Amino acid sequence: MSASSLDTPMMRQYREIKAHHPDAILFYRMGDFYEMFLRDAEVAAPLLDIALTTRDKAKADPIPMCGIPVHSADGYVKRLAELGHKVAICEQVEDPRRVAGRRLVRRRVVEVVTPGLVGDPEGIAAHSELALAAVHAPEGGSSVGLAVLEASTGDFRATCIDVPAAGDALSAPLLEELRRVAPREVLVDAARAPLLAERLAEILPEATVTPVEPGAEATELSVDGFEPGSQDPSQRAAAAALAYAAANQPSAVVHLQRLRPYRLADAMRSDAATRRHLELFENAEDGSRRGTVIERLDESVTPLGARCLARWLAYPLLDPESIAARQSGVAWFCARDRLRGRLREVLRGVRDLERLFAKAARPGAGPRDLVALRGSLEALPAVAAALAEGDDDLLPDGEGGRPAAVACPVPVPEAAELLAEALVDDPPIVHRGSRGAGETGYIRAGFRPELDVLRSAASKGREWIAGLEARERERSGIPTMKVRFHPVHGYSLEVTKANLDRVPGDYERKQTLASAERFTTPELREAEGSVVGANDRAADLERELFEQVRQAVLSHGAAIRAAARAVAGVDSLAALAEVARRDGWVRPVVDDSLRLEICAGRHPVVEPILRARDEEFVPNDSDLDPDAVQLVVLTGPNMSGKSTYLRQVALIVLLAQTGSFVPAESARVGIVDRVFTRVGASDRLARGESTFMVEMRETAEILSEASRRSLVILDEIGRGTSTFDGLSIAWAVAEYLHDTPGLGARTLFATHYHELADLARTKERVRNAHFQAREYGDEVVFLRRLVEGAANRSFGIQVAKLAGLPASVTARAREILANLEGGELDESGRPRLAQHGDELGTASGATPEGGAQLGLFAVEGASPAERAVLKDLRAFDPERTTPVDALVAVQAWIQRLRGSGEKP
């Protein structure tokens, strides 16, 4: 472009500001609009669905531009940030009316909104968090630092995560934690960004990876727990997050209270597959909260409590004492229905105290933001009073007194009283960066006498001007004369052109319109100066007083955040008690044992859904112990309830270690370090992974990561490949979980490979169980009852009929099944050859119990000698047999099968 377009004073100022924020879309304030120019306009216009136009259209090189109204800017900023862009907000920092001559209004960037540093938190779902994460991975280090900053709530935490000896920065625990945090933006060292960005993009497709210089230290910031200059990886990660936030949104960090260290070892590790399979936070259908565990638990009445509950569910505890402390809080509320009801009612007035305070800390905060904060602060005394009623409320057994988990919020009366004295109850809307005199009236009368004097002077001037119209009509004889006001031209007397010949001689022409002329007089000019001057001085004083009040409130930040945390905890405990009381949940015993014993357990989400349909949920027991019943092979028909049962056991464990009561008659949970699930079918086609590949990857992770304290939930392992391949894999996986020294994880193994029931014959800690069903003709009734022993049928054809398959298809399926069961066809549907009896691995027949399911070791038409060999094989223990003895046994079996009858 030529200099003629870009070398204007305004464009020079724009380019100077843009040069300091080259990676951000610059919102350049011009009056009531934010304008974007050049490349920023070309990028933003289609993303925001606004018109792309040009500046200096008459010139040969017009400048691309687009704009949005200031009053609706937050929605546009949020959209750009969600799409991975930064937005620099550039405001006018002086009143344009007071700029002398042709000098430009001074402008500067007041904040930069990034994907992980939200500006206005208004648009964030109340129950969710929007986090910025920073990863510090020193070259060749033994640990990686991770810091997480949630700017809209002030939560700031950091941890160190060990890496393998190979020095892989993105170790499995780090990737798991990043998936659990789900940050919108991840900061990484610039030097290592190319190596880390690709892998981070795979696990966090919604996040933006931002390179930062590792030397950027937040040395000027004072945050409790933060140690500037420390070489600890978690502190280095925290320094990167603080420096980034301070450079882009100072308001996000100035009032942070503390850096909270945390350890992954203090909470149950949780992988993405488990959260997905158990539908903890998102359902499998559309990714929403509908039908999820968190929706079931979330009876909170404040956004603070909703977010707290989500954090508890994401980080189940591993310390029985900490779990018991939280359970005591739930029990305390369960025992006090009336108190809980009153408390929940007054809690509604607190609203989102954390985010209201964050909004007040922003440079664009307005009077309405502080009035909303005041309402929440004024509700705190009622919350404290409601809790105080239960302090001495003893139960019939003598127990009582508020447990430590029920922390009473401490009111902040100084801040609440200041806001009540300073601000009117219903202030006008004051737009971001506004400096106009018209947006006033939010400081309460009587707060500052000087302001009252200015308002009185302006009011009297307006009264005089209002009476001017009647006086001038009488003096001039013009009955249609009107007093008009224009924000630029000020006050005037408007006369239609038909009456211009009657205008008094002392009128001075001020403005010409199509059908009228506007005039002024010396008296009107003097009165106007008085009114406008008083208005301007009043507006300036109101802005000054508002900023003083805002800073005074922010000085109480530590107390306000502490009160918010207490409200969040109380609301969460009361919410869990509400669920427990309504649905008959019980307090589980959580201890350091390895026992998992559940009596009459129920699924926390499925049960209320069935209840709404007037259907009964059938409860079932569970009993797992690595030293006794370590692995249960679960068989039974399709639709009988196996998958529901698997999930309910896992969810009861998670709820128990969250501190919640559980849906059961009784429960004992020996601490579980991880819950592993392999449930359901899914693929990752974008990464070239089939359903079976995803299944095998998740299974491989379970086998490599599970420990003796883990709970493993497997559903239909091996179904994504051929029958014999799948059966072989499933069998080997079950043996690995049972036989691997030091493993012995508590395992529920649901399968349609009924051959796996044979494991219980040779594996001492394996038991069989199945769900009952009854067949009446062509119909099947599912009893949903879990009983001991193996099932012999899956009733797949009956289920297919229920699903609506054509009758001809199900009829033909029955014919094929009969052929398979009769041995006429092999697994591929071809006629079975006569030599099938010569090969153990390919022949099939009835199980020893006489069922129809094909057995792994049974041989159709087997001779007594063959059956004797099979019996010996089942009892053979290679681990207790020497090589010589094994060879002798094999020789004996060969001789028997050949019919020699000789014994060695």
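Residues numbered from 1 in each chain as written. Predicted model: local features only at pLDDT ≥ 70, side-chain atom pairs only at ≥ 80, totals over all residues. Heavy atoms only, no water.

Asker: Would you explain the overall build of the chain in this entry?
Answerer: Check the secondary structure of the chain and you find 28 helices and 26 strands. Counting over 904 residues, the chain shows a buried share of 50%. For the chain, long-range pairs separated by at least 24 residues make up 67% of all intrachain contacts whose partners lie at least 6 apart in sequence. Carbon together with sulfur atoms contributes 52% to the accessible area of the chain, which is approximately 41,400 Å² in total. (Helix = DSSP H or I, 4+ residues; strand = E, 2+ residues; numbered from the N terminus. Buried < 20%, exposed > 50% of the residue type's maximum accessible area, 1.4 Å probe, protein only. Contact = heavy atoms within 4.5 Å. Areas by Shrake-Rupley, 256 points an atom, 1.4 Å probe, with all protein chains shown as cover.)

Asker: Got a minute to help me understand the sheet that holds strand S3 (residues 53-55) in this structure?
Answerer: Strands pair in a sheet through their backbones, by hydrogen bonds, and they do so in one of two ways: parallel or antiparallel. Spatially, the six strands line up as an open sheet ordered S3-S4-S2-S1-S5-S6, and their pairing is mixed. Each having just a single partner strand, S3 and strand S6 (107-113) make up the two edges of the open sheet. Each neighbouring strand pair of the sheet contributes to a mean axis angle of 40°, computed without reference to strand direction. As paired strands, S3 and strand S4 (residues 63-69) are joined by three bridges and run antiparallel to one another. Opposite Thr 54, over in S4, you have Pro 64 as the bridge partner. Taken strand by strand, helix H2 (residues 9-19) contacts strand S1 (24-30), strand S2 (33-37), S3, S4, strand S5 (86-92) and S6, and its axis lies near 145° from that of S1. Its contacts with the sheet place helix H3 (residues 38-48) against S1, S2 and S4, and it is angled at close to 115° to S2. (Pairing = 2+ DSSP bridges. Axes fitted to C-alpha atoms, helices over the stretch in contact; angles between N-to-C directions.)

Asker: Looking at this model, I keep getting lost on the side chain of Gln 630. Mind explaining?
Answerer: Take Gln 630: it is sitting in the loop between strand S19 (620-624) and strand S20 (631-635). For Gln 630, a relative accessible area of 0% translates into the label buried. A polar contact is formed between the side chain of Gln 630 and the backbone oxygen of Leu 737, at a distance of 3.1 Å. A distance of 2.8 Å separates a polar atom in the side chain of Gln 630 from the backbone oxygen of Ala 745. (Polar contact = N/O pair within 3.5 Å; in protein donor to acceptor, adjacent residues only side chain to side chain.)

Asker: It is not clear to me how the sheet that holds strand S16 (residues 516-520) should be interpreted in this structure. Could you clarify?
Answerer: An order of S13-S14-S16-S15 is seen for the four strands of this open sheet, with the pairing classed as antiparallel. The open sheet has two edge strands, strand S13 (482-486) and strand S15 (508-512), and neither has a second partner. The sheet shows a mean angle of 45° between the axes of neighbouring strands, direction not considered. Across four bridges, S15 lies against S16 in antiparallel orientation. Looking at S16, one finds that Thr 512 is bridged to Glu 517. Where helix H18 (residues 522-554) meets the sheet, its contacts fall on strand S14 (490-496), S15 and S16, and the angle it forms with S14 comes to roughly 145°.

Asker: How should I be thinking about the confidence of the model for the chain in this particular structure?
Answerer: Low pLDDT means the predicted coordinates in that region are not meant to be read closely. Put simply, the chain has an average pLDDT of 85, and 89% of its residues get 70 or more. Segment residues 833-858 is flagged for pLDDT under 50; beyond a separation of four residues in sequence, or across chains, it makes 43 contacts in the model. The low-confidence segment residues 900-904 (pLDDT under 50) makes eight contacts with residues lying over four places distant or belonging to another chain. (pLDDT = per-residue confidence, 0-100.)

Asker: What's the story with the pairing of S5 in this structure? I'm lost.
Answerer: Each regular strand displays side chains that alternate between the two surfaces of the sheet. When you tally the buried positions in S5, you get seven out of seven residues, the bulk of the element. Pairing of S5 with S6, which is carried by six bridges, proceeds in the antiparallel orientation. Of the residues in S6, the one forming a bridge with Cys 90 is Val 109.

Asker: Where do I start with unusual backbone geometry in this structure?
Answerer: Among all residues except glycine, the phi angle is most often negative; among peptide bonds, the trans geometry is most common. Not every positive phi belongs to a glycine, and Ala 182 is a case in point at roughly 50°. Tracing the backbone through its elements, the reader meets Ala 182 in the loop between helix H5 (172-181) and strand S10 (185-189). Ala 182 gets classed as partly exposed once you look at its relative accessible area, which sits at 42%. Located in the positive-phi region is Ala 600, a residue other than glycine, with phi close to 55°. Within the fold, Ala 600 resides in strand S18 (residues 596-601).

Asker: In this structure, what is going on with the packing of H5 against helix H6 (residues 193-203)? I would like to understand it.
Answerer: When two helices pack together, you describe them by how their axes are tilted relative to each other and by the distance separating the axes. Orientation of H5 relative to H6, taken along the N-to-C sense of each, is 50°, at an axis distance of 10 Å. Judged by the angle between their axes, H5 and H6 are oblique. At the point where H5 passes H6, the crossing takes the right-handed sense. Touching Leu 175, Leu 178 and Arg 179 of H5 are Arg 199, Leu 200 and Ile 203, all from H6. Counted by class, the contact of H5 with H6 contains four nonpolar, no polar and two charged residues. (Parallel < 35°, antiparallel > 145°, perpendicular 65-115°, else oblique. Left-handed = near helix turned anticlockwise from the far one by under 90°. Nonpolar A, V, L, I, M, F, W, Y, C, P; charged D, E, K, R; others polar.)

Asker: Help me understand the environment of Glu 414, please; the structure alone is not making it clear to me.
Answerer: With respect to the helices and strands, Glu 414 occurs in helix H16 (residues 413-422). Residue Glu 414 is classed as partly exposed on the basis of its relative accessible area, which comes to 48%. Between the C-alpha atoms of Glu 414 and Leu 377, which are 37 residues apart in sequence, the distance is 9.8 Å.

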